Amino acid sequence: MGGIGSYAPPQIVSNQALAKIVDTSDEWIRARTGIRERRIANNGENCSDLGAKAARAAMAHAKIDPEDIDLLIVATMTPDMPFPSTACIIQTKLGLRNIPCFDIVAACAGFIYILDVGCQMLKSGNYRNALVIGCEKLSSIMDWQDRTTCVLFGDGAGAIILTKNETAGLGILGTCIAANGADGKILNMPGGGSNEPATTETVLDRRHYLKMMGKEVFKVAVRVMEQSALEVLATHNVKPEDVDCVISHQANIRIIELISTRMGLPMDKFPINLDRYGNTSAASIPLALDEAYREGRIKSGNYVLLIAFGAGLTWGSTLIKWH
Ligand code: ACO
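Reading the values: rules and limits
Residues numbered from 1 in each chain as written. Predicted model: local features only at pLDDT ≥ 70, side-chain atom pairs only at ≥ 80, totals over all residues. Heavy atoms only, no water. Helix = DSSP H or I, 4+ residues; strand = E, 2+ residues; numbered from the N terminus. Near = heavy atom within 4 Å. Polar contact = N/O pair within 3.5 Å; in protein donor to acceptor, adjacent residues only side chain to side chain. Areas by Shrake-Rupley, 256 points an atom, 1.4 Å probe, with all protein chains shown as cover. Nonpolar A, V, L, I, M, F, W, Y, C, P; charged D, E, K, R; others polar. Domains from an automatic or database assignment. Pairing = 2+ DSSP bridges. Axes fitted to C-alpha atoms, helices over the stretch in contact; angles between N-to-C directions. Contact = heavy atoms within 4.5 Å. Core = buried A, V, L, I, M, F, W, Y, C linked by side-chain atoms within 4.5 Å. Buried < 20%, exposed > 50% of the residue type's maximum accessible area, 1.4 Å probe, protein only. Buried area = accessible area lost by both parts, 1.4 Å probe. Salt bridge = Lys/Arg side-chain N within 4 Å of Asp/Glu carboxyl O. Phe/Tyr/Trp six-rings, centres within 6.5 Å; stacked < 30°, edge-to-face > 60°.

Draft legend 1. Molecular detail of unusual backbone geometry. Across the junction of Phe 83 and Pro 84, the peptide omega takes the value 0°, indicating a cis bond. Mapping Pro 84 onto the fold places it in the loop between strand 4 (71–75) and helix 4 (86–94). Cis peptide bonds are those with omega within 30 degrees of zero, and the linkage from Gly 312 to Leu 313 qualifies with -5°. By the element assignment, Leu 313 lies in the loop between strand 12 (303–310) and strand 13 (314–321). Within the chain, Asn 237 stands out as a residue other than glycine whose phi angle is a positive 55°. Relative to the assigned elements, Asn 237 resides in the loop between helix 8 (214–235) and strand 11 (245–248).

Draft legend 2. Structural context of the site of the ligand. The ligand sits among 26 residues. The nearest are Thr 24, Arg 32, Cys 108, Lys 215 and Asn 252. Separating an oxygen atom of the ligand from a side-chain N or O atom of Arg 254 is a distance of 3.1 Å. Contact between the ligand and Ala 311: an oxygen atom at 2.9 Å from a main-chain N or O atom of the residue. A total of 1,000 Å² of accessible area belongs to the ligand in isolation, and the protein chains cover 76% of it. Sorting the residues of the shell around the ligand by element identifies helix 2 (26–33), helix 6 (147–150), helix 8 and helix 9 (253–263) as the ones contributing at least two each. Split into classes, the residues belonging to the shell around the ligand amount to 14 nonpolar, 7 polar and 5 charged. Both domain 1 (3–163) and domain 2 (171–321) contribute no fewer than three residues apiece to the shell around the ligand.

Draft legend 3. Representation of the sheet that holds strand 12 in the model. The sheet built from 4 strands is open, its strands ordered 8-13-12-11 with mixed pairing. Strands with a single pairing partner mark the edges of an open sheet, and in this sheet they are strand 8 (171–179) and strand 11. Sheet twist, expressed as the average angle between the axes of neighbouring strands with direction ignored, equals 10°. Sheet strands in contact with helix 5 (residues 110–123) are strand 8, strand 12 and strand 13, and its direction is about 120° off that of strand 8.

Draft legend 4. Just the nonpolar core, in detail. Within the largest apolar cluster, 46 residues are counted, with the highest numbers of intra-cluster contacts made by Met 263, Leu 305, Ile 307 and Phe 309. Those elements that provide at least two residues to this core are helix 8, helix 9, strand 12 and strand 13. Top element by residues in this core is helix 8. It accounts for 10 residues. Residue-level mapping places this core at the junction of two domains, with at least three residues from each of domain 1 (3–163) and domain 2 (171–321). Non-local contacts of Ile 307, meaning those with residues more than four positions away in its chain, are made with Met 225, Ser 228, Ala 229, Val 246, Ile 247, Ser 248, His 249, Ile 259, Met 263, Ile 285, Gly 316 and Ser 317. Within the second largest apolar cluster, 34 residues are counted, among which are Ile 104, Phe 111, Ile 160 and Trp 322.

Draft legend 5. Spatial organisation of the domain arrangement of the protein. One can read the domain layout of the protein as domain 1 (3–163) and domain 2 (171–321). Using C-alpha coordinates to define each centre, domain 1 is positioned 14 Å away from domain 2. With 47 residues of domain 1 in contact, the opposing surface of domain 2 contributes 44 residues. Of the roughly 3,700 Å² buried between domain 1 and domain 2, counting both surfaces, carbon and sulfur atoms make up 63%. Where domain 1 packs against domain 2, one counts 2 salt bridges.

Draft legend 6. Spotlight on the packing of aromatic side chains. What the rule picks out here adds up to 1 aromatic pair. Measuring from ring centre to ring centre gives 5.4 Å for Tyr 293 and Trp 322, while their planes differ by 40°; the resulting arrangement is tilted. Of the two residues, Tyr 293 is situated in helix 11 (residues 284–294) and Trp 322 in the segment after strand 13; the sequence distance between them amounts to 29 residues. Look at Tyr 293 and you get partly exposed, because its relative accessible area is 26%. Accessibility expressed as a relative area gives 5% for Trp 322, which makes it buried.

Written out as structure tokens, the structure reads:
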């Protein structure tokens, strides 16, 4: 890995502020999720703007110029528009060359997916520096009348520069990704695609907002996140107790506590920022990784495990030896 950066919009929305618009309370949200506040982008700030800001921070950290980037992959489920891709929009904002740019939709597991795709494309030999960005403006697909979802999510972005020619055994050791589309109905946004194009009825029926069966998602998330974490560790002959830092998808503190217990790893190995950002979907992992790195919680030679789960259903884990 060559560099890392993140960005969250400055506007903070507290639980108390949400309690003024839906029937909820700070106590309920904190007890059930661990979230205290989230960041919300303003009307003029698009998903691509958040992604471009995180990318600039990652390029500065990598000390790399825009002309040195030869591949751009974006993970998002809140693109600026259905097409062109958010990657192409960010390409223009960053002034990148005419390189391949594309989006991948794997919701909250999106960043793990693009890490794997980026690494595989670097291994193919045609690329040297890949920019991978997870960015979301989830506030744009929230139903601000639905207390069961609107209190959970926030906006943000994170980015990594993947570089070829890593020192042997250092950097990203491997990724396991998977999906089960059969369970897709428990977390989706039904309106706006070719299945339900926008009509007055779909808008009035609130079909263009995220819908989630929270309890069902919770149960599957705990099971598959643990499974995929153990799978990537076993593939690289690393024991759970040898992992120094676990960056889990920041959806709910209770999910992370259960994974910590099931894997026999103390909670102090799990940096947490969901209290301040909520669930930022594809941005969640790089935002938490960047923050943990900058706080000195990740040191050279550490084993760092990334674990995520999202709509699709999709999930995956990445094992890194930090350098
Ligand atoms: N404020 C107050 N009460 C609420 C709220 C709220 N914001 N939301 C729900 N309630 C009520 C419910 O109506 C219910 O009331 P009832 O018992 O009278 O019916 C009660 O609280 C309990 O609701 P549950 O849904 O059973 O609460 P639960 O403990 O399961 O917590 C939650 C809900 C937080 C959504 C949890 O299930 C969860 O975190 N699920 C996982 C979400 C997730 O991880 N998503 C990740 C993927 S996201 C992606 O890919 C985009």
